[in-house]
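Observations on chain architecture
Listed below, chain by chain, are the residues.
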Amino acid sequence: MGEFEALLGVNPWTALFALANFLFLFFMLRRFLFKPVMKMIDDRQKEIDGLYKDAEDAKKDAQAKQQEYDRKLSAAQQTSEQLVREAVARGQSREEEILRQANAQASAMMDKAADDIAREKKKAVNDAKDEISVIALSIAGKVVGRELNDADHARLVDGFIEELGEDK
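Rules used throughout
- Along each chain, the written sequence defines residue order, and numbers are assigned to residues from 1.
- Owing to the predicted nature of the model, reporting of local features is limited to residues with pLDDT of at least 70; listing and counting of side-chain atom pairs is limited to 80 or more, with chain, interface and lining totals taken over all residues.
- Excluded from the side-chain calculations are hydrogens and water; all other atoms, namely the structure's heavy atoms, are used.
- Put simply, DSSP marks the helices as runs of H or I at least four residues long and the strands as runs of E at least two long, and each gets a number from the N terminus on.
- For the exposure calls, accessible area comes from a 1.4 Å probe over protein chains only, and a residue counts as buried if that area is under 20% of its type's maximum, exposed if over 50%, partly exposed in between.
- For every accessible area listed, the method is Shrake-Rupley and the probe measures 1.4 Å; residues are considered covered only by the protein chains on display.
- Each salt bridge in this description consists of a side-chain nitrogen of Lys or Arg and a carboxyl oxygen of Asp or Glu lying within 4 Å of one another.
- What counts as a ring pair is set by centres within 6.5 Å for rings of Phe, Tyr and Trp (its six-membered ring), and what kind of pair is set by the plane angle: stacked under 30 degrees, edge-to-face over 60, tilted for all other angles.
- We count a charge as sitting over a ring when the NZ of a lysine or the CZ of an arginine lies within 6 Å of the ring centre and within 35 degrees of the ring normal.
- Per residue, pLDDT captures the predictor's confidence, and it can take any value from 0 to 100.

**Let's talk about the overall build of the protein**
Counting its regular elements, the protein contains 3 helices and 0 strands. Buried residues in the protein amount to 4% of all 168 residues. On the protein, roughly 15000 Å² of surface is accessible, and the fraction owed to carbon and sulfur atoms is 61%.

Here you go:
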C-alpha cells in the first residue's frame, strides 16, 4: 500500500479520521444548527400562512360587507322611491280633495245664491202684491163707495193677482 499511498496521497487512518470528523460534525450541526433553523423556518412559514389566512378572511369579510352595503343601499333606494310614490299619491289625493271641497263650496254658494234670488223674488212679488192690494182697495173703495172688510179685501186682491198672472 505504500505505492498506493504515495500515488494518491491518502492515508487510510487519516481518511477514517476525516470521515469520523465529518460524521461527528454532521450530527452536531444537524442537532444544534439544522433543527433550530428548520424549526425557525417552519414557525415563520406558519406565521406567513396565518397572515395569508387572515388576509383571505379579511378579504371575504370585506366582500360580505360590500354585498351587505349594496343590499342596504338598494333597499334604501327602493324605500326612497316608495316614499316618493306615496308622497305623490298623497299629494294627488289631497289635490283632488281640495278640488272636491272647492266644487262643493262653489255649489253651496250657487245654491245659496239661487235660494237668495228666489227669496228676494218672492219678497218682491209679495211687496208688489201688498202695494197692488193697497192701491186696489183704495180704487175699489172709491168705485164701490164704501169701505171693504178684510175678507172682501183679500178676495179682491187674490182675484186681481190671478188676472195679472193669467195675462202673462
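This is not the end of the story, as more comes after the structure.
**A closer look at the pattern of salt bridges**
Applying the stated criterion across every chain, the model contains 9 salt bridges. Here glutamate 68 makes a salt bridge to arginine 71, at a shortest N to O gap of 2.3 Å. Note that glutamate 68 and arginine 71 are positioned in helix H2 (residues 12-144) at a spacing of 3 residues, about one turn of the helix. Judged by its relative accessible area of 49%, arginine 71 is partly exposed. One salt bridge connects arginine 100 with glutamate 97, and the closest N-O pair in it is separated by 2.8 Å. Separated by 3 residues within a single helix, arginine 100 and glutamate 97 lie in helix H2, roughly one turn from each other. Connected through shared salt-bridge partners, Glu68, Arg71 and Lys72 make up one network.

**Notes on the packing of aromatic side chains**
Counting across every chain of the model gives 2 aromatic pairs. Seen in terms of ring centroids, phenylalanine 22 and phenylalanine 26 are 6.5 Å apart; in terms of plane orientation they differ by 25 degrees. Their pairing is stacked. Taken together, the residues phenylalanine 22 and phenylalanine 26, both in helix H2 and 4 residues apart, mark about one turn of the helix. A residue is classified by how much of its surface remains accessible, and phenylalanine 26, at 36% relative accessible area, is partly exposed. Between the aromatic rings of phenylalanine 26 and phenylalanine 27, the centroid separation amounts to 5.7 Å while the plane-to-plane angle is 70 degrees, which identifies the pairing as edge-to-face. Over the face of the ring belonging to phenylalanine 32 we find arginine 31, whose NZ or CZ atom lies 5.9 Å from the ring centre.

**Things to note about the environment of alanine 128**
Examined against the element boundaries, alanine 128 turns out to sit in helix H2. For alanine 128, a relative accessible area of 32% corresponds to the partly exposed category. Taking C-alpha positions, alanine 128 is 10.0 Å from isoleucine 161, a pair spaced 33 residues apart along the chain.

**So, the confidence of the model for the protein**
Averaged over every residue, the pLDDT of the protein is 85; residues scoring 70 or more account for 82%. Across the protein, element-level confidence peaks in H2 with a mean pLDDT of 90 and bottoms out in helix H1 (residues 2-8) with 61.

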